[in-house]
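# Coordinates in review
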Amino acid sequence: MGELGQGNINGWELEKNMMIFNLTRPKPRLPESFFWTWDQSTNWMLDDPGLQNFGSSNIYLKKPGTFVKDYERLSDFAAGLGVKGIFVWGFLRDSHGGVEAAKRIASYAAGKGVVMMPGAGTTSYGGLYYEGNHPYNLKTFIEKNPSAKTSGGICPSNPIYKEWILEGLDWMFETFQIGGINFENGDFFICDCDACKAHKENWPRDDPDFFRMQALANKLPLEHLKKQADKNKDLLITWATYTGFLPGIEKGRMTMTPYMGCGRPALFDDIKELHSTQWTLTRMVRQNPLALTKFMDDGVPEELFDNECWPKGLEPPVGNGVGFIHQGSQWINGSRYNQIISTIKESCLRAYMSGLKGVSIHGEVTSMHVPNSLNYLAFSHFIHWPEDTLRDFGRKTLGEVFDNEAEGERFIELVAHWDFGTLTDGEKAEITSKRKELVALVQVGADADMGRNMHRFRFWCWLQKMAIGEKEMHTASFY
Ligand SMILES: [Zn+2]
């Protein structure tokens, strides 16, 4: 970041001032935890006219250099929080530099000890090369092999598909310094061609068709990657089920359903190498998050288990699972810019207690936006210490950010009361006077070391605005 110049703060402090934190973390209890991202809406560099903050099949409008910088900065950020890695959808596109740019971000991340995992469409979602004229791009492939085309993607029974996807995977692992791959076959995609229908005859009758399609699409790629996984024990290969792991059927709704649609999907007995199964926890966790104050001194509050979508003791049908939540993103209730600490704490705790090895949240919004910054810090905390209280988070994590344990603890206590609507007048006055003290540090003539104080300044000013006034100013959604 030397190009930004030195100014009044030195290089190390400048990095801190970008809200990139370097925290002391032990070995995480949820080691396979990731930031989930789409390239077009991953905005860690804010001065690009092509910024977008939504979407999953968008074109990329930012400058190619911004793609590289966004992911370099997010890699620095993940490294500082002890978050293992980053899922990247749109890893490969002609519009942001194709193979060369992807090589750069993957090796940059690897150099920081961060695992970069491209999103890989098998029978849908662009294939391995998301957008552009490339042999492993889905559209390019279908144009050359029209017999493999089916409504919504590629037919997983087609022998040309099988050859193409395996060849493509070998190319991915040879070409890029990636630490794994994240498969999706197309959100409940179903091919109803004759070959795929015939496959059903030798398949358990009551198994959901979309899981059968996942078996057809994912079996060969997952089994093929065994040799890569044997070579590199740290490699993480995940595949989306699109559902939670609650046995049973939800009528009338599929998106983010907590239910598997059956007791045990048959693919778990069909695929020999499952690697890591990615469960959607979005609607397994409470839809009305527990008040933050409930977590203040209780890391495992009993009310959390009063939840029919995630009964206490429930575990997925197979081990080696990871979880994914959409809260705090554009994908659920427009919550991309919201503070969701309660849901993050709950997801990490419940995932850990159910034997999952990691949790993923979105990592698209810059940490310069304070609510997201708090989410990221809470995520870092609870993937390392899922059973901790909110007070522990304040002391250990915010305490390190503020260089002051007591201040970190007090800050989160006040955030919890603001969130629950129980701030007293005395507490409001306390927040206002804290803000005044920090604002004085940025006045001309002040002889302050802002390198140490900018985080405190940003966090307290945000809380003052949220708790006392001018709400709209600080929830603007233009990142
Ligand atoms: Zn088919």
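Our subject in this report is the structure included herewith. (Residues numbered from 1 in each chain as written. Predicted model: local features only at pLDDT ≥ 70, side-chain atom pairs only at ≥ 80, totals over all residues.)

## Some remarks on unusual backbone geometry
Phi is positive for Tyr-125, close to 50°, though the residue is something other than glycine. With respect to the helices, strands and loops of the structure, Tyr-125 is situated in the loop between strand 3 (115-121) and helix 4 (138-144). Judged by the 22 C-beta atoms lying within 10 Å of it, Tyr-125 is buried. Of note in this structure, Asn-333 is not a glycine but carries a positive phi near 50°. One can find Asn-333 in the loop between strand 9 (321-324) and helix 10 (341-353). Given 12 C-beta atoms within a 10 Å radius, Asn-333 is considered exposed. (Helix = DSSP H or I, 4+ residues; strand = E, 2+ residues; numbered from the N terminus. Buried ≥ 20, exposed ≤ 12 C-beta atoms within 10 Å, placed from the backbone.)

## Focus on the packing of helix 2 (residues 64-81) against helix 3 (residues 98-111)
Packed helices, taken two at a time, are described by the angle between their axes plus the distance between the axes. Between helix 2 and helix 3, whose axes approach to 9 Å, the crossing angle comes to 15°. It follows that helix 2 is roughly parallel to helix 3 by the angle criterion. The handedness of the crossing between helix 2 and helix 3 is right-handed. Contacts between helix 2 and helix 3 pair Pro-64, Phe-67, Val-68, Tyr-71, Glu-72 and Ser-75 from the former with Ala-101, Arg-104, Ile-105, Tyr-108 and Ala-109 from the latter. When the residues that make up the contact of helix 2 with helix 3 are grouped by side-chain class, the tally is eight nonpolar, one polar and two charged. (Axes fitted to C-alpha atoms, helices over the stretch in contact; angles between N-to-C directions. Parallel < 35°, antiparallel > 145°, perpendicular 65-115°, else oblique. Left-handed = near helix turned anticlockwise from the far one by under 90°. Contact = placed C-beta atoms within 7 Å. Nonpolar A, V, L, I, M, F, W, Y, C, P; charged D, E, K, R; others polar.)

## Looking at the environment of Ser-342
Checked against the element boundaries, Ser-342 lands in helix 10. Assessed through the 25 C-beta atoms surrounding it within 10 Å, Ser-342 is described here as buried. In the structure, Ser-342 is positioned 20 residues away from His-362 in sequence and 15 Å away in space, judged by C-alpha atoms. With near-sequence residues (within four places) excluded, Ser-342 lies in contact with Pro-289, Leu-290, Leu-292 and Phe-295.

## Re the environment of Ile-160
Position of Ile-160 among the secondary structure elements: in helix 5 (residues 159-175). The partly exposed category is assigned to Ile-160, around which 14 C-beta atoms lie within 10 Å. Along the primary structure Ile-160 and Asn-145 are separated by 15 residues, whereas in three dimensions their C-alpha atoms are 8.0 Å apart. Apart from residues no more than four positions distant in its own chain, Ile-160 is found in contact with Asn-145 and Ala-148.

## Regarding the environment of Gly-126
Its place among the elements puts Gly-126 in the loop between strand 3 and helix 4. Classification of Gly-126 as buried rests on a count of 24 C-beta atoms within 10 Å. Taking the C-alpha atoms as reference points, Gly-126 and Gly-98, separated by 28 residues in sequence, lie 14 Å from one another. Excluding residues that lie within four positions of it along the chain, Gly-126 makes contacts with Gly-121, Glu-131, Asn-137 and Leu-138.

All we've got here are geometric facts, nothing functional implied.
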